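The primary structure of each chain is shown beneath.
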Amino acid sequence: LPPTNLWTYSSSESSFVIYCTFPSVGAGVNVTVEVASGLSGLTVQRTGACSFQVSRVPSASVYDIALVSRVGSIESSAATIQHGMPPLAPTNLVGSADSSGTLILSFTAPPSNGANIVYDLKQSGPTFLSSSTRIGSRITIGGLLRGGTYRFALRTAVIAQSRMVYSPYSAEIVVRVP
């Protein structure tokens, strides 16, 4: 029987743990649970019969992990889970608005490490965004109110286990539309 109830938890910016429920077997049967695949190049340390500490994990990375149980030379089918490490927050966020209500935000994007990074913009002000377009490390926003003061912050995410894994927000900036 494979291990069940797999779940992961990010324990720091560069490590996570894997937990599972040990397979039910008869008394006296020597069973071990092992990481079968998905963590090549990372440091994996067993911390319990059905738990592992994974370290040296880069940001913005997604892993498809397989665990198996083994009795002698017989291996179970794999139990799988996906774990995502959040990207770093964008840095150097700056904005410049013109009198037409258009704002250009620029920022330094974090490393993607091959993952598909999604951007999430937080905005507050007298009106909400009517349109925005991101190209590379620039976001163009239209429809802002002349004379309005707006606050913006930006964060990033990767998708793992069908959910978003977010970075913290960047430092917030304040922009006044002339």
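Residue indices begin from 1 for each chain and proceed along its sequence in written order. Only residues with pLDDT of 70 or above have their local features reported here, since the model is predicted, and side-chain atom pairs are shown and tallied only from 80 upward, although totals for entire chains, interfaces and linings are computed over all residues. The side-chain numbers reported here are obtained from all heavy atoms of the structure, hydrogens and water having been left aside.

**Considering the overall build of the chain**
The condition is simple: Counting from the N terminus, the helices are the DSSP runs of H or I reaching at least four residues and the strands are the DSSP runs of E reaching at least two. For a compact globule the rule gives 2.2 Å times the number of residues to the power 0.38, and the radius of gyration it is set against comes from C-alpha atoms. Relative accessibility thresholds used throughout: buried, under 20% of the residue-type maximum; exposed, over 50%; partly exposed, between the two (1.4 Å probe, protein chains only). Whether two residues are in contact is decided by their heavy atoms, any of which lying within 4.5 Å being enough.
In terms of helices and strands, the chain carries 0 helices and 16 strands. Against the 2.2 N^0.38 benchmark of 16 Å for 178 residues, the chain shows a C-alpha radius of gyration of 22 Å, more extended than a compact globule. For the chain, the C-alpha atoms occupy an extent of roughly 75 × 25 × 20 Å along the three principal directions. Going through the 178 residues of the chain one by one, you find that 37% of them count as buried. By sequence separation, contacts in the chain at least 24 residues apart represent 59% of the contacts at least 6 residues apart.

**Some points on a nonpolar patch on the surface**
Inclusion rule: Distance thresholds for patches are 9 Å for like charges and 5 Å for nonpolar side chains (Val, Leu, Ile, Met, Phe, Trp, Tyr), applied to residues having over 30% relative accessible area and no salt bridge. Accessible areas in this description were obtained via Shrake-Rupley with a 1.4 Å probe; residue shielding takes into account the shown protein chains only. Just to be clear on terms, a salt bridge is a Lys or Arg side-chain nitrogen sitting within 4 Å of an Asp or Glu carboxyl oxygen.
On the surface, Val25, Val29, Val71 and Ile74 cluster together into a nonpolar patch covering about 320 Å² of accessible area. Assignment of secondary structure puts Ile74 in strand S7 (residues 74-75).

**Observations concerning the side chain of Ser61**
Cut-off, in case you're wondering: Two N or O atoms count as a polar contact when they lie within 3.5 Å, although within protein this holds only if one can serve as hydrogen donor and the other as acceptor, and sequence-adjacent residues are included solely when both atoms are side-chain atoms.
Assignment of secondary structure puts Ser61 in strand S6 (residues 61-71). Looking at Ser61, the relative accessible area reads 5%, which means it is buried. In this structure the side chain of Ser61 is engaged in a polar contact, spanning 2.5 Å, whose partner is the backbone oxygen of Pro58. Setting aside chain neighbours within four positions, we find Ser61 in contact with His83, Gly84 and Met85.

**Side note on the side chain of Thr156**
Tracing the backbone through its elements, the reader meets Thr156 in strand S14 (residues 149-160). Within polar-contact distance, the side chain of Thr156 engages the backbone oxygen of Leu88 at 3.0 Å. Apart from the residues within four sequence positions on either side, Thr156 is in contact with Pro87, Leu88, Pro90, Pro110, Ile117, Val118, Tyr119, Val165, Tyr166 and Ser167.

**Here we look at the pattern of salt bridges**
Taken as a whole, this structure holds 4 salt bridges when the rule is applied. Note that Glu172 is salt-bridged to Arg151, the shortest N-O span being 3.3 Å. One end of the pair, Glu172, is in the loop between strand S15 (163-166) and strand S16 (173-176); the other, Arg151, is in strand S14, with 21 residues separating them in the sequence.

**Some words on the pairing of strand S2 (residues 15-21)**
Side-chain direction in a regular strand flips from residue to residue, so the side chains alternate between the two faces of the sheet. Where we set the bar: What makes two strands pair is DSSP finding at least two bridges between them.
For S2, a buried count of 5 out of 7 residues is recorded, marking the element as mostly surrounded by other parts of the structure. When strand S1 (residues 4-12) meets S2, the two strands line up antiparallel, connected through 6 bridges. Bridge assignment links Ser12 to a residue of S2, and that residue is Ser15. Two strands pair when backbone bridges link them, and S2 and strand S5 (residues 51-55) are joined in this way by 5 bridges, in the antiparallel orientation.

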